[in-house]
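Residue-level structural notes
Below are the chains, spelled out letter by letter.
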Amino acid sequence: MTQPNKRRVSQAKSKLKSHTVFRMNVLFFSIFLLFSMLILRLGYLQIVKGEDYARALARTEEVPVNTSVPRGRIFDSEGRVLVDNDPVSAITYTAMQTTKRSEMLDTARELAKLIEKDDKRVTERDKQDFYIMLNTEEATDKVTDEERQAIQNEEITEKEKQRKLDDLIREKITEEELASLTAEDIETLAIFREMTSGYALSPQIIKNEGVTPEEFARVSERLTDPKLKGVNTITDWKRVKTSDLTILGSTTTPEQGIPSSSLEYYLARDYSRNDRVGTSFLEQEYEHVLQGQKSVVKNITDGRGRVIDTIPADEGKPGKDLMLTIDSELQSSVEDIVEKHLRQLKAGPNSQLVKDAYLVMMDPRTGEILSMVGKRIDRDENGKMVIQDHSYAAVTAAYASGSSVKGATLLTGYAQDAVEMNEYLVDEPLQIKDTPLKRSIFNKTLFNRIPMSDLTAIERSSNVYMFKIALEIANETYAYKEPIDISASSFDTMRNSFAQFGLGIKTGIDLPFEGTGYDGGSSDGSKILDFAIGQYDTYTPMQLAQYISTIANDGYRMEPHLVKEIRGASTDGKNLGPVETVIEPKILNRISNTQAEIDHLKKGMRNVYIGNQGSARSYFKDTDYTAAGKTGTAEVQFYDDKTSPYYTKDSITTTHVGFAPYENPEVAYAVMIPYITTNTSIVPPTSNLIVREALDKYFELRETKSEESPSVIKAPYSNEVIEEGEEEPIDAEEE
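Just so we're clear, the structure is a prediction, and the values are computed from it rather than from any experiment. (Residues numbered from 1 in each chain as written. Predicted model: local features only at pLDDT ≥ 70, side-chain atom pairs only at ≥ 80, totals over all residues. Heavy atoms only, no water.)

1. Quick notes on the packing of aromatic side chains
Geometrically, a pair of aromatic rings is defined through the distance of the ring centres and the angle of the planes. Applying the stated criterion across every chain yields a total of 14 aromatic pairs. Ring geometry for Tyr 266 versus Tyr 271: centroids 4.7 Å apart, planes at 55°, classification tilted. Like Tyr 271, Tyr 266 is buried. An aromatic cluster of three or more residues is present, and its members are Tyr 265, Tyr 266 and Tyr 271. (Phe/Tyr/Trp six-rings, centres within 6.5 Å; stacked < 30°, edge-to-face > 60°. Buried < 20%, exposed > 50% of the residue type's maximum accessible area, 1.4 Å probe, protein only.)

Okay, here's the thing in structure tokens:
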């Protein structure tokens, strides 16, 4: 029995040994395979992907950085500075991608020791958040477990839950606790809030107003101090205007940054949140030109995203300069003329509604705006009469123009075969059924009939002549006390014709928010008579200027523009930069009239100034230059300000359009004074007086001007200085 047992034991051991060897071989083979795969993978990473991963480890990131590139300047047509940049010292802070808020707070505390920072922008909520940051445990413990649970039980998103919890914590911070913040804490907070107002790698201006030389020096000396990591001293720029002309526009300050309404638009174009941007008129319209090109730097980061070096990649370029078509001297002179007469009007009788007056002067050959005046008179808080610039309203505010547009009515009549040149019609008061008597101002007797030609109708400003043109266009025949039936298509015919002159449509001027006036509709057919004499639809002063310019320019409607040239930045501060773009004259259309018809109308407009019965003869018969034009008086059926005691009361708006010299027009003009009087029987001749004085000044100054484009930067015409942020906000869209 012993021998077999030993044999079985020996066999078992042998079998176990062979299994062990097999398993060891499998293990070693597996290890071999794994090491082979690892070696192959390492080889692949090293040989094939090595360069890619090396680049990833030492990746660079291009970040546009606002280095206060000067914004483009604005000059008048003679090279005088209208909008400039004043250099100012500034202190900035740039957070890195890995910077913690606690580190920023330490830097703010250190910086507060070196500079004085006002707390005017610190809000109550800022103080609450700052208190919570300094006393986190104590503040969060104010919220009970029950209150936390109640918020958690609400069916809202986690983000909304956290917001409600944060709001609850703020509510529990008492006035006494906020009062415990020291003056040093508040100053630190004021700096800290500026630091945290932007994105990482985007410099934030901590202080750029009132930085003293001592503050600038103290901070500059410690820029290498680790405690001031991210702090820098730079030269910033402030926008300064030398004129209160509102059409120059305004910009935001760095503190205001990009308006929320256009944030996405500008961020998509590589702007930073605290960039200055144009918010109105020329500053807004030419933002893409004035802004300039920022410096670009490459931030060299390590594998953890930490910035280890910064290398300049592009020095950037200052904004380009704008040269306007407006001459400051002419603009200032005609502003004085308009202001003088506006004051006289307001001091006179029946002037309760007088507040605005406008004058636009335009080169009919090129569309260049030579002057653009708008003045508003009002009382200040002390009851003193003050006048403010209201020039932007020349393209936004619209009023009935009266007889000034009769030139368009007559040319429309020619084009529609409703009347012929030199054709006589009878001026007679028209009594249409259910309609007030329609007559010319010089013909009041019901059955008085005065035959007159088209030229006489313009000279004497016959309403009835224009009524009959409108009726002929509408295929209607007048009969005493009979109704008239006017189709909507007749209104369309006349409005489409008026649009050829720029009336009722946008003129195309290079300003945002341009208005088009009021379209009275076509539901009341009898209103076509009012339309024919400018007492139905409304037009802006700029539309009137384009209309008369079209007549002066032989029927070619030019696009008005305020910018004459775009120039590169000056290299020496003394000479203007090189011309990069010239704004060429742009023809928008030609009216559908023959040259003979246009010349014929011009004769009638000339007679308005020199004819024996001309409505403006007494103001222009003795000029040294030749001119032609048309006056207008619109009866305003009601004053549309519901807060005024004159709401629904009658008043008068006067206009005057014209051009000079008559033989070869080089200036066209339009004057408009809304609600000039509440006495409809006595109309002040102020519009005519303004035109005469403005034309005299234009021809006087023309003799002193050189036709060559200026090359030297000239001093501002006025001594006025309006700094960035001092302008009153203007909402042109609501005008």
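2. With respect to the nonpolar core
Within the largest apolar cluster, 121 residues are counted, with the highest numbers of intra-cluster contacts made by Leu 359, Tyr 547 and Leu 695. Per element, the largest residue contribution to this core is nine residues, and it comes from strand E20 (residues 667–677). Here Tyr 547 is in contact with Ser 404, Val 405, Lys 406, Gly 407, Ala 408, Phe 501, Leu 503, Met 605 and Val 657, once residues within four sequence places are set aside. (Core = buried A, V, L, I, M, F, W, Y, C linked by side-chain atoms within 4.5 Å. Helix = DSSP H or I, 4+ residues; strand = E, 2+ residues; numbered from the N terminus. Contact = heavy atoms within 4.5 Å.)

3. Some thoughts on the environment of Val 386
Here Val 386 lies in strand E11 (residues 385–389). Under the relative-accessibility criterion, Val 386 is labelled partly exposed at 27%. It is 9.2 Å that separates the C-alpha atoms of Val 386 and Arg 343, two residues lying 43 residues apart in sequence. When near neighbours in sequence (up to four residues on either side) are disregarded, Val 386 contacts Arg 376, Ile 377, Asp 378 and Asp 380.

4. Remarks on helix H18 (residues 488–499)
The end-to-end C-alpha distance of H18, which contains 12 residues, comes to 16 Å, matching closely the 16 Å that a straight helix rising 1.5 Å per residue would cover. Elements that come into contact with the buried residues of H18 comprise helix H15 (406–415), helix H17 (463–473), helix H19 (527–532) and strand E14 (556–558). (Expected span 1.5 Å × (residues − 1).)

5. Description of a negative patch on the surface
Taken together, the side chains of Asp 118, Asp 119, Glu 209 and Glu 255 make up a negatively charged region of the molecular surface. On the secondary structure map, Asp 119 appears in the loop between helix H3 (101–112) and helix H4 (124–134). (Patch = residues over 30% accessible without salt bridge, like charges linked within 9 Å, V, L, I, M, F, W, Y side chains within 5 Å. Areas by Shrake-Rupley, 256 points an atom, 1.4 Å probe, with all protein chains shown as cover. Salt bridge = Lys/Arg side-chain N within 4 Å of Asp/Glu carboxyl O. Lys, Arg positive; Asp, Glu negative; His and termini not counted. Charge placed at Lys NZ, Arg CZ, Asp CG, Glu CD.)

6. Quick notes on unusual backbone geometry
The omega torsion across Ala 660 and Pro 661 is -15°, close enough to zero to call that bond cis. Assignment of secondary structure puts Pro 661 in the loop between strand E19 (651–660) and E20. In this structure, Asp 270 takes a positive phi of about 65° despite not being glycine. For Asp 270, the position within the fold is in the loop between helix H11 (263–267) and helix H12 (281–285).

7. Brief notes about the environment of Arg 101
Position of Arg 101 among the secondary structure elements: in helix H3. The exposure class of Arg 101 is partly exposed, given its relative accessible area of 49%. Placed 32 residues apart in sequence, Arg 101 and Met 133 show a C-alpha to C-alpha distance of 9.8 Å. Residues in contact with Arg 101, not counting those within four places in the same chain, are Met 133, Phe 192 and Thr 196.

8. Structural notes on the side chain of Lys 238
Mapped onto the elements of the fold, Lys 238 is located in strand E5 (residues 231–241). Classification of Lys 238 as buried rests on a relative accessible area of 14%. Among all residues touching Lys 238, those that are not within four sequence positions of it are Asp 84, Asn 85, Asp 86, Val 88, Glu 209, Arg 276, Glu 723 and Glu 724.

9. Remarks on the side chain of Lys 602
Along the chain, Lys 602 falls in helix H21 (residues 595–610). The residues touching Lys 602, leaving out its near neighbours within four places in the chain, are Ile 551, Ala 552, Asp 554, Ala 628, Phe 659 and Tyr 662.

Everything listed here is a matter of coordinates, which is why it stays silent on function.
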